[in-house]
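Listed here are the chains, written in short residue letters.
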Amino acid sequence: MIKLQKHIFLIGFMGVGKTSTSRELAKELNIKETDTDAMIVEMEQRSIPEIFETSGEAYFRQKETGILDILAKQEACIVSCGGGMAMREENVAKMKKSGTVVFLQATPETIYSHVKSSTQRPLLNGNMNVPYIRQLMEEREPKYQAAADVCIETDGLTPRQVAERVVEALQ
Ligand code: S3P
């Protein structure tokens, strides 16, 4: 098993393939991977839609920031982040302190094809269409770009191929 010096944070829009790329990277590099959404679900013992509905988005965002503090104390690994993680400057500073930030990019059409059947993404409830995804993506893009150490275009690539590009970019 390779010993990473610092975390690799995968950021990017919902449905871009952070979790599947993270799993491929973990296999390829033989390194542990984790997922901030999964950590929150485990800690809270409830789903993301339930957290948003019962406690609100601000509560969820606090939990996300808290996860970065937990990860900062843990051995370096690959971290698949929820799509909103890079929206808070505080989070970006924490990620940059403990890792390298990799931004996975895709077109709104690709994103839509990945998320269209999902019921687990509260921000897209009632907004499951390409124009809305494009609008939210355009709003978020500057923050993803500002957070990124590395940016990978993923359209038309399998998670395996994306993982290979990440490895190449980090070497
Ligand atoms: C969110 C993305 C989701 C999840 C939550 C909010 C966002 O994660 O954290 O629904 O604000 O973009 P994925 O990017 O894994 O879908």
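In this text the structure is predicted, and so the values were computed from the model without any measurement.

## Thoughts on the site of the ligand
Around the ligand sit 13 residues in total, of which K18, D37, R61, R121 and R140 are the nearest. Side-chain polar atom of D37 to an oxygen atom of the ligand: 2.7 Å apart, as the coordinates give it. Side-chain polar atom of R121 to an oxygen atom of the ligand: 2.7 Å apart, as the coordinates give it. Summarising the interface, the protein chains cover 95% of the accessible area of the ligand, which totals 380 Å² for the free molecule. Judged by the proximity of its atoms to the pocket grid, the ligand belongs to the largest pocket. Split by residue class, the shell around the ligand holds 5 nonpolar, 3 polar and 5 charged.

## Regarding the side chain of Q105
Here Q105 lies in strand β4 (residues 99-105). Separated by 2.7 Å, the side chains of Q105 and E141 make a polar contact.

## Structural notes on empty space enclosed by the protein
For the structure shown, the criterion picks out 1 cavity of 30 Å³ or more. In terms of lining, the largest cavity is formed by F13, V16, F103, L104, Q105, A106, I111, M137, E141 and Y144. Among the elements of the structure, β4 and α7 (130-147) are those that each provide at least two residues to the lining of the largest cavity.

## Observations regarding the environment of Y59
Topologically, Y59 is positioned in helix α4 (residues 57-72). When the C-alpha positions of Y59 and M14 are compared, they lie 19 Å apart, and in sequence the two are 45 residues distant. In this structure Y59 touches E44, R46 and I51, once residues within four positions along its chain are discounted. Here E44 takes part through its side chain, which lies 2.8 Å from a polar atom of the side chain of Y59.

## Thoughts on the nonpolar core
Formed by 50 residues in total, the largest nonpolar core has its most connected members in F9, I11, F13, L25, M95, V102 and I111. Ranked by the residues each element gives to this core, the list is headed by α7, at 5 residues. Not counting the four nearest positions on each side in its chain, F9 is found in contact with L68, L71, V79, C81, M95, S98, G99, T100, V101 and V102.

## Observations concerning the packing of aromatic side chains
Under the criterion given, the structure shown has 2 aromatic pairs. Pairing F52 with F60 gives two aromatic rings, centres 5.0 Å apart and planes at 45 degrees, and the pair type is tilted. With respect to class, F52 is no different from F60; both count as buried. Ring centres of F103 and Y144 lie 5.1 Å apart, and the angle between their planes is 20 degrees; on these two criteria the pair is classed as stacked. One end of the pair, F103, is in strand β4; the other, Y144, is in helix α7, with 41 residues separating them in the sequence. There is no split in this pair, since F103 and Y144 are both buried.

## Some points on the layout of surface pockets
By volume, the largest pocket amounts to about 460 Å³. Lining the largest pocket are 28 residues; nearest its centre among them are M14, D37, I48, Q120 and R121. Those elements that place two or more of their residues in the lining of the second largest pocket are β1 (7-11), α1 (18-29) and α8 (159-170). Among the elements that make up the lining of the second largest pocket, the one with the highest residue count is α8 (3 residues). Across the lining of the second largest pocket, the residue classes tally to 9 nonpolar, 4 polar and 1 charged.

Conventions adopted
Along each chain, numbering runs from 1 in the same order as the chain's sequence is written. Note on the predicted model: pLDDT of at least 70 is required for a residue's local features to be given, and 80 or more for side-chain atom pairs to be given and counted; whole-chain, interface and lining totals, by contrast, use all residues. The side-chain quantities take in all heavy atoms of the structure and omit both hydrogens and water. Here a residue is near a molecule or strand as soon as one of its heavy atoms is found within 4 Å of it. Polar contacts, as counted here, are pairs of nitrogen or oxygen atoms within 3.5 Å of one another; within protein the pair requires one atom able to donate a hydrogen and one able to accept it, and residues that are adjacent in sequence qualify only if both atoms are side-chain atoms. Computed with a 1.4 Å probe, the accessible areas rest on the Shrake-Rupley method; for each residue, only the protein chains presented here act as cover. Grid spacing is 1 Å over the protein atoms alone, the probe is 1.4 Å, and a cavity is where that probe fits but cannot get out, while a pocket is an open set with protein on both sides within 12 Å along at least five of seven lines and lining residues have an atom within 4 Å of a point. For a molecule to be placed in a cavity or pocket, more than half of its atoms must lie within 2 Å of the grid points of that cavity or pocket. Only Asp, Glu, Lys and Arg are considered charged, only Ala, Val, Leu, Ile, Met, Phe, Trp, Tyr, Cys and Pro nonpolar, and every remaining residue, Gly among them, polar. Each helix corresponds to a stretch of at least 4 residues labelled H or I by DSSP, and each strand to a stretch of at least 2 residues labelled E; elements are numbered beginning at the N terminus. Grid points are joined across faces, edges and corners, and a volume is the space filled by probe spheres set on the points. Contact criterion: two residues are considered in contact whenever any of their non-hydrogen atoms come within 4.5 Å of each other. The criterion is simple. A nonpolar core is a set of buried Ala, Val, Leu, Ile, Met, Phe, Trp, Tyr and Cys residues joined through side-chain atoms within 4.5 Å. A simple rule labels every residue: compare its accessible area, found with a 1.4 Å probe on the protein chains alone, to the largest value its type can have, and call it buried under 20%, exposed over 50%, or partly exposed in between. The pairing test for Phe, Tyr and Trp rings, Trp by its six-membered ring, is centres within 6.5 Å, and the orientation test on the planes gives stacked under 30 degrees, edge-to-face over 60, and tilted for anything in between.

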